[in-house]
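# Analysis of the macromolecular model
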Amino acid sequence: MFKQWGILMLASVLLVACSDKEKGTEEVNPVDDTIEEVGEEVVETEEEVVLPFTAPFTGVGSEKELTQRPILVTINNHPLARPQSGIAKADIIYEMLAEGNVTRFLAVYQSEIPEKMGPVRSARDYFVDIARGLDAFYVAHGYSPDAQSMLSSRVVDNINGMQYDGILFERSRERKAPHNSYISKDKVLAGAEKVKASMEITKIPRFSFFDSFEGIKIGNPVSNFSIHYGAGSTFENEYTYISDEGLYERETAGDLTIDKETDKAVKIANIICMEIPHKIIDSSGRRQLSLNDGGRAYIFQAGIMKEIEWENIDGILMPMENGVPAKLVPGQTWISFIPTNPGLEEMVTYLP
């Protein structure tokens, strides 16, 4: 857990068997039993080492300053796209509805960029709005008409598989289109250079993080909860708190959420459910989301659930508590967008 927080707990054994010269004492004659032999106990201490820098999106300590501009990638969450690649290394993952009851992920990479990300899927206008708020370099493959207009106008720096399929984006033979488009770290950086986009961070988010365990346990104990998108189980997400790790694991439709590249479970420090107005705007079921007005939210962390709020602060959707940014447990955060109709109470269920 402390590794998660960027604090390394080092156990050092101090062996204090110094030379007599160093101690400034007379030499002890080993055969003279009239001189009492004095020894010093072995002392075990723990030293708390705080790393000099903190990752702005995760709160995890770092030995170097992290100046990478955030990269936002639309990740496919169709059942045929699971398990996804690179999601375990994302700093933040947003989950939200596209058309129908199908959700997509927006994965934010800043502290670390994985070697492979995907499957990459198409953009929506509210995806672009989130990228703009984060001042992120945006990666997608395809777009809705409104998103295409925004991307063509360079509302955000971006690359898209519609222009770079087979050049920057690669198709996997293991899956069928549109669930098989991937991009690598090197190709993202090459794409940024191609469109002359700076990859230095210019906007530091105001996320706030706990620096100790104090205060985290204030709230309602909740060890398991579910988020239901739609009537079936295809997009039903269940989160379980692993108390000895201080983190959550996630299942969708009964399958553990893993990263395809490591075959290991994704570990999550915070899950935030933000209630946001959704409106269907065309015959294809495309949606309009109101991302500016703020609203109600739930936060799950360290086995605790609290009712909080969210606000749009300078373009970034921020969890808020008592008028200030809510403190997060350092690590990966998932943010689920919940339509106000049916709302938090209907879509999010939890048990103590």
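All values reported here derive from a predicted model rather than from experimental measurement.

### Things to note about the pattern of salt bridges
Between side chains of opposite charge, a pair can form when the charged atoms approach closely. Per the stated rule, a full pass over the model turns up 17 salt bridges. A salt bridge links Arg69 to Asp157; the shortest N-O distance between them is 2.8 Å. Residue Arg69 is located in the loop between strand 4 (61-62) and strand 5 (71-76), and its partner Asp157 is located in the loop between helix 3 (145-152) and strand 10 (158-160); the two are separated by 88 residues in the primary sequence. Judged by relative accessible area, which is 6%, Arg69 ranks as buried. For Asp157, a relative accessible area of 19% corresponds to the buried category. Here the salt bridges do not stand alone but share partners, grouping Arg69, Asp135, Arg154 and Asp157 into one network.

### Re the environment of Glu174
Topologically, Glu174 is positioned in the loop between strand 11 (170-171) and strand 12 (181-184). Exposure remark for Glu174: the relative accessible area of 62% places this residue in the exposed category. Of the polar contacts made by the side chain of Glu174, one reaches the side chain of Lys260; its length is 3.0 Å.

### Quick look at the packing of helix 2 (residues 125-134) against helix 3
Contact pair helix 2 / helix 3: the axes reach a minimum separation of 8 Å and the direction vectors enclose 35°. Across the interface between the two elements, Asp125, Val128, Asp129 and Arg132 from helix 2 touch Asp146, Ala147, Met150 and Leu151 from helix 3. Each residue belonging to the contact of helix 2 with helix 3 can be placed in one class, and the counts come to four nonpolar, no polar and four charged.

### Considerations on the packing of aromatic side chains
Enumeration over the complete set of coordinates arrives at 11 aromatic pairs. Ring centres 5.2 Å apart and planes at 80° place the aromatic pair Phe105 and Trp334 in the edge-to-face group. Here Phe105, found in strand 7 (residues 103-109), pairs with Trp334, found in strand 29 (residues 333-339); they are 229 residues apart in sequence, far enough to count as distant. There is no split in this pair, since Phe105 and Trp334 are both buried. Ring plane angle 50° and centroid distance 5.1 Å describe the contact between Tyr241 and Tyr248, whose orientation is recorded as tilted. Residue class for Tyr241 comes out buried when judged on its relative accessible area of 17%. In this structure Tyr248 comes out as buried when scored by relative accessible area, which is 0%.

### Things to note about the nonpolar core
Counting 51 residues, the largest nonpolar core has Phe137, Val139, Ile159, Phe225, Ile227, Phe300 and Val348 as the members making the most contacts within it. Apart from the residues lying within four places of it in its own chain, the contact partners of Phe300 are Val222, Phe225, Tyr248, Ala269, Asn270, Ile271, Cys273, Met305, Val348 and Tyr350. Grouped together as the second largest cluster of nonpolar side chains are 42 residues, Tyr126, Val128, Ile201 and Ile335 included.

### Quick word on the side chain of Ser226
Within the secondary structure, Ser226 sits in strand 15 (residues 224-228). Ser226 gets classed as buried once you look at its relative accessible area, which sits at 8%. The residues contacting Ser226, other than those within four sequence positions of it, are Glu236, Asn237, Glu238, Met347, Val348 and Thr349.

### Things to note about the environment of Ala81
Tracing the sequence through the fold places Ala81 in the loop between strand 5 and strand 6 (92-97). The exposure class assigned to Ala81 is buried, which follows from its relative accessible area of 0%.

### Digging into the sheet that holds strand 18 (residues 255-256)
Taken in spatial order, the five strands of this open sheet run 18-17-16-15-30, and their pairing is antiparallel. Each edge of the open sheet is held by one strand with a lone partner, namely strand 18 and strand 30 (348-351).

### Topic: the sheet that holds strand 12
Read from one edge of the open sheet, three strands run 8-12-11, paired in antiparallel fashion. The strands lining the two open edges of the sheet, one partner per strand, are strand 8 (116-117) and strand 11. As judged from the two bridges shared by strand 8 and strand 12, these two strands associate in the antiparallel manner. Residue pairing across strands places Lys116 opposite Ser184, the latter belonging to strand 12. In the packing of helix 5 (residues 185-194) onto the sheet, the strands contacted are strand 8, strand 11 and strand 12, and the crossing angle to strand 12 comes to about 80°.

Rules used throughout
Just so you know, the residues in each chain are numbered from 1, in the order the chain's sequence is written. A pLDDT threshold of at least 70 governs which residues receive local features in this predicted model, and a stricter bar of 80 or more applies before side-chain atom pairs are shown or counted, although totals over entire chains, interfaces and linings include all residues. Side-chain numbers here rest on the full set of heavy atoms in the structure, without hydrogens or water. Just to be clear on terms, a salt bridge is a Lys or Arg side-chain nitrogen sitting within 4 Å of an Asp or Glu carboxyl oxygen. For the purposes of this entry, the term helix denotes a DSSP run of H or I that reaches at least four residues, the term strand denotes a run of E that reaches at least two, and both are numbered from the N terminus. Buried residues are those whose accessible area, probed at 1.4 Å on protein chains only, stays under 20% of the maximum for their type, while exposed residues exceed 50% and partly exposed ones sit between those limits. Side-chain atoms alone can form a polar contact between residues adjacent in sequence; in general such a contact is a pair of N or O atoms within 3.5 Å, and within protein one must be able to donate a hydrogen while the other accepts it. Between N-to-C directions, angles cover 0 to 180 degrees, with each direction set by a line fitted to C-alpha atoms, over the stretch in contact for helices. Working rule for contacts: check all heavy atoms of both residues, and any pair within 4.5 Å makes them a contact. Charged means Asp, Glu, Lys or Arg here, nonpolar means Ala, Val, Leu, Ile, Met, Phe, Trp, Tyr, Cys or Pro, and polar covers whatever is left, Gly included. Note on ring pairs: Phe, Tyr and Trp rings are taken, using the six-membered ring of Trp, and paired if centres are within 6.5 Å. Classes follow the plane angle, with under 30 degrees stacked, over 60 edge-to-face and the rest tilted. Throughout this description, the term nonpolar core refers to a set of buried Ala, Val, Leu, Ile, Met, Phe, Trp, Tyr and Cys residues connected via side-chain atoms within 4.5 Å. Two strands qualify as a pair provided DSSP detects at least 2 bridges between them.

Geometric values such as these leave the question of function open.
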